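Single-letter residue listing:
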Amino acid sequence: MQIFNIIVQTNTFNFIIFVILFAIIIKFAKVGNLISSMQLKVKQYVDDSEKAKINSETELKKAEEKVNNVGEEIKEIMDNADLNAVRIERKILADANIQSESILFNADKLNDANGKRIISDLSQEAALTSVELAKKHIIKVLDKKPQYHAKFIEDCIKELDGFTF
């Protein structure tokens, strides 16, 4: 019994009991399964992190390509804007030339019309003046020579007879 007392009182015995109890707890508590599931979860987190890292790198490369292409796109937009500006400038100049030619043509037509009107007005004034002068001349001639008065009346009557109503 002494040996039994020595074994019970020593740390070795306590250690062996502790290990056996620990083994029983691990067996019944299914600690192995818990550790395995935790390992699987950690592995899944690591795999997800790797996938996220790869996706992030891919998106970074796409973003870098877009950034690299921005300069070219801006240059293309600027070139198109310059080309459109030149086209608009040419169109405006062409339209302005057409309008100025139209204005000049209309001004020439207006000047021609005004010239014809002025000539017509002058012709009418000249005709009226001529009639006035002829009237004065006839009155003077008739005053100086009264015998022409009867002849003038006869000529007018013959002239009126020639008209048909």
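Quick caveat: nothing in here was measured; it's all calculated off a predicted structure.

Draft legend 1. Inspection of a positive patch on the surface at higher detail. Judged by side-chain charge, Lys135, Lys136, Lys140, Lys144 and Lys145 come together as a positively charged surface patch. Note on placement: Lys144 falls in helix α3 (residues 31–144). Of the residues examined, Lys144 reaches a relative accessible area of 69% and is grouped as exposed.

Draft legend 2. Molecular detail of the pattern of salt bridges. Tallied over the full model, the rule gives four salt bridges. A salt bridge links Asp79 to Lys75; the nearest nitrogen and oxygen atoms lie 3.1 Å apart. Of this pair, Asp79 and Lys75 are both found in helix α3, four residues apart, which corresponds to roughly one turn of the helix. We classify Asp79 as partly exposed; its relative accessible area is 39%. Since its relative accessible area comes to 53%, Lys75 is described here as exposed. Ionic pairing is found between Arg117 and Asp121, a salt bridge with its closest N-O pair at 3.4 Å. In this pair, Arg117 and Asp121 both sit in helix α3, four residues apart, roughly one turn of the helix.

Draft legend 3. A negative patch on the surface, seen in detail. Taken together, the side chains of Asp47, Asp48, Glu50 and Glu57 present a region of like negative charge at the surface. Residue placement: Asp47 occurs in helix α3. Here Asp47 falls in the partly exposed class, since its relative accessible area comes to 32%.

Draft legend 4. Spatial organisation of the environment of Leu128. Along the chain, Leu128 falls in helix α3. It is 22 Å that separates the C-alpha atoms of Leu128 and Ala113, two residues lying 15 residues apart in sequence.

Calculation criteria
- Every chain's residues receive numbers from 1 upward, in the order its sequence appears when written.
- Residue-level local features of this predicted model are given only where pLDDT is at least 70; pairs of side-chain atoms are given and counted only at 80 or more, and the full residue set underlies all totals for whole chains, interfaces and linings.
- Only heavy atoms go into the side-chain values, all of them from the structure, while hydrogens and water stay out.
- Candidates for patches are residues over 30% relative accessible area with no salt bridge; among them, like charges are joined within 9 Å and nonpolar side chains (Val, Leu, Ile, Met, Phe, Trp, Tyr) within 5 Å.
- Areas reported as accessible are Shrake-Rupley estimates using a 1.4 Å probe. Residue values count occlusion only from the protein chains shown.
- The rule for a salt bridge is simple: a side-chain nitrogen of Lys or Arg has to be within 4 Å of a carboxyl oxygen of Asp or Glu.
- When charges are counted, neither His nor the chain ends are considered; positive counts come from Lys and Arg and negative counts from Asp and Glu.
- We put the charge of a Lys on NZ, of an Arg on CZ, of an Asp on CG and of a Glu on CD.
- Secondary structure follows DSSP: runs of H or I at least 4 residues long count as helices, runs of E at least 2 residues long count as strands, and numbering of each begins at the N terminus.
- Throughout this description, buried means an accessible area under 20% of the type-specific maximum (1.4 Å probe, protein chains only), exposed means over 50%, and partly exposed covers the range between.

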